[in-house]
Amino acid sequence: MCDIPGLISRLEAKDLARLREAGKEKPLEPGMIAAIDAAAGGPGEGRGYYVVSGSLYPVEARDYHLREDVAEALFEAEGSSVGARS
């Protein structure tokens, strides 16, 4: 089970700002995937928080997006101090 509030609170402030700046619909950049993985516990650990959108193949062309409930929580928490680690 994903701990969405926990993930948001463990994101670095700069990464949280970049995610919010990109918006809900933009595909995640590799650096953002790495930041989510790190906040979730290490390489590949964030896979439950983001999903593939569109075609699965070729692997190099996959677009990853925040899961809808993760995106909603991320932007809902925008006005609070949740995830404000520096």
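Residue numbering note: each chain is counted from 1, following its sequence as written. A pLDDT threshold of at least 70 governs which residues receive local features in this predicted model, and a stricter bar of 80 or more applies before side-chain atom pairs are shown or counted, although totals over entire chains, interfaces and linings include all residues. In computing side-chain properties, one takes all heavy atoms of the structure into account and sets aside hydrogens as well as water.

A.B. asks: Hey, could you run me through the pattern of salt bridges in this one?
C.D. replies: Once the charged atoms of two side chains with opposite charge are near each other, the side chains can pair. Salt bridge, as applied in this entry: a Lys or Arg side-chain nitrogen positioned within 4 Å of an Asp or Glu carboxyl oxygen. Counted under the stated rule, the structure contains 6 salt bridges. Across the pair R18 and E29 runs a salt bridge whose closest N-O atoms are separated by 3.2 Å. Here R18 is found in helix α2 (residues 13–22), whereas its partner E29 is found in the loop between α2 and α3 (30–40), with 11 residues between them in sequence. Only protein chains enter the accessibility calculation, which uses a 1.4 Å probe; a residue whose area is less than 20% of its type maximum is buried, one above 50% is exposed, and one in between is partly exposed. Looking at R18, the relative accessible area reads 39%, which means it is partly exposed. Residue classification places E29 among the partly exposed positions, given a relative accessible area of 38%. Two residues, E72 and K24, come together in a salt bridge whose shortest N-O distance is 3.1 Å. Here E72 is found in helix α4 (residues 68–76), whereas its partner K24 is found in the loop between α2 and α3, with 48 residues between them in sequence. Given the relative accessible area of 38%, E72 is considered partly exposed. Accessibility expressed as a relative area gives 34% for K24, which makes it partly exposed. Within the structure, one salt-bridge network assembled from shared partners comprises R18, K26 and E29. Where helices and strands are cited, they refer to DSSP runs of H or I of at least four residues and of E of at least two residues respectively, numbered from the N terminus.

A.B. asks: I keep staring at a nonpolar patch on the surface and nothing clicks. Help me out?
C.D. replies: A cluster of nonpolar side chains, contributed by L56, Y57 and V59, occupies part of the molecular surface with about 320 Å² of accessible area. Here Y57 shows up in the loop between β1 (50–53) and β2 (63–66). Judged by relative accessible area, Y57 falls into the exposed class, the value being 61%. Only residues whose relative accessible area exceeds 30% and that take part in no salt bridge are eligible for patches, with like-charged residues grouped when within 9 Å of each other and nonpolar side chains (Val, Leu, Ile, Met, Phe, Trp, Tyr) grouped when within 5 Å. Throughout, the Shrake-Rupley method with a 1.4 Å probe supplies accessible areas, and for residues the shown protein chains are the sole cover considered.

A.B. asks: Any chance you could explain unusual backbone geometry here in plain terms?
C.D. replies: For residues other than glycine, phi is negative in most cases, and the peptide bonds are mostly trans. Residue Y57 is joined to P58 through a cis peptide bond whose omega torsion reads 0 degrees. Turning to its location among the elements, P58 is positioned in the loop between β1 and β2.

A.B. asks: Just checking my understanding: could you explain α2 for this structure?
C.D. replies: Because an α-helix completes one turn every 3.6 residues, residues spaced three or four positions apart along the sequence face the same direction. What α2 keeps buried is the set D15, L16, L19 and R20. On an axial view of α2, the arc spanned by its buried residues comes to 135 degrees, and they lie on one face. Those residues of α2 that are exposed and aimed more than 90 degrees away from the buried face are K14 and E21. Check the buried side of α2 and you find it contacts α1 (4–10), α3, β2 and α4. Positive phi appears at G23, one or two residues downstream of α2, with a value of about 90 degrees. The arc under discussion is defined with respect to the helix axis, by the directions toward the C-beta atoms. We call two residues contacting when some pair of their heavy atoms lies within 4.5 Å.

A.B. asks: How should I be thinking about the environment of S9 in this particular structure?
C.D. replies: Following the sequence through the fold, S9 ends up in helix α1. Given a relative accessible area of 33%, S9 falls into the partly exposed group.

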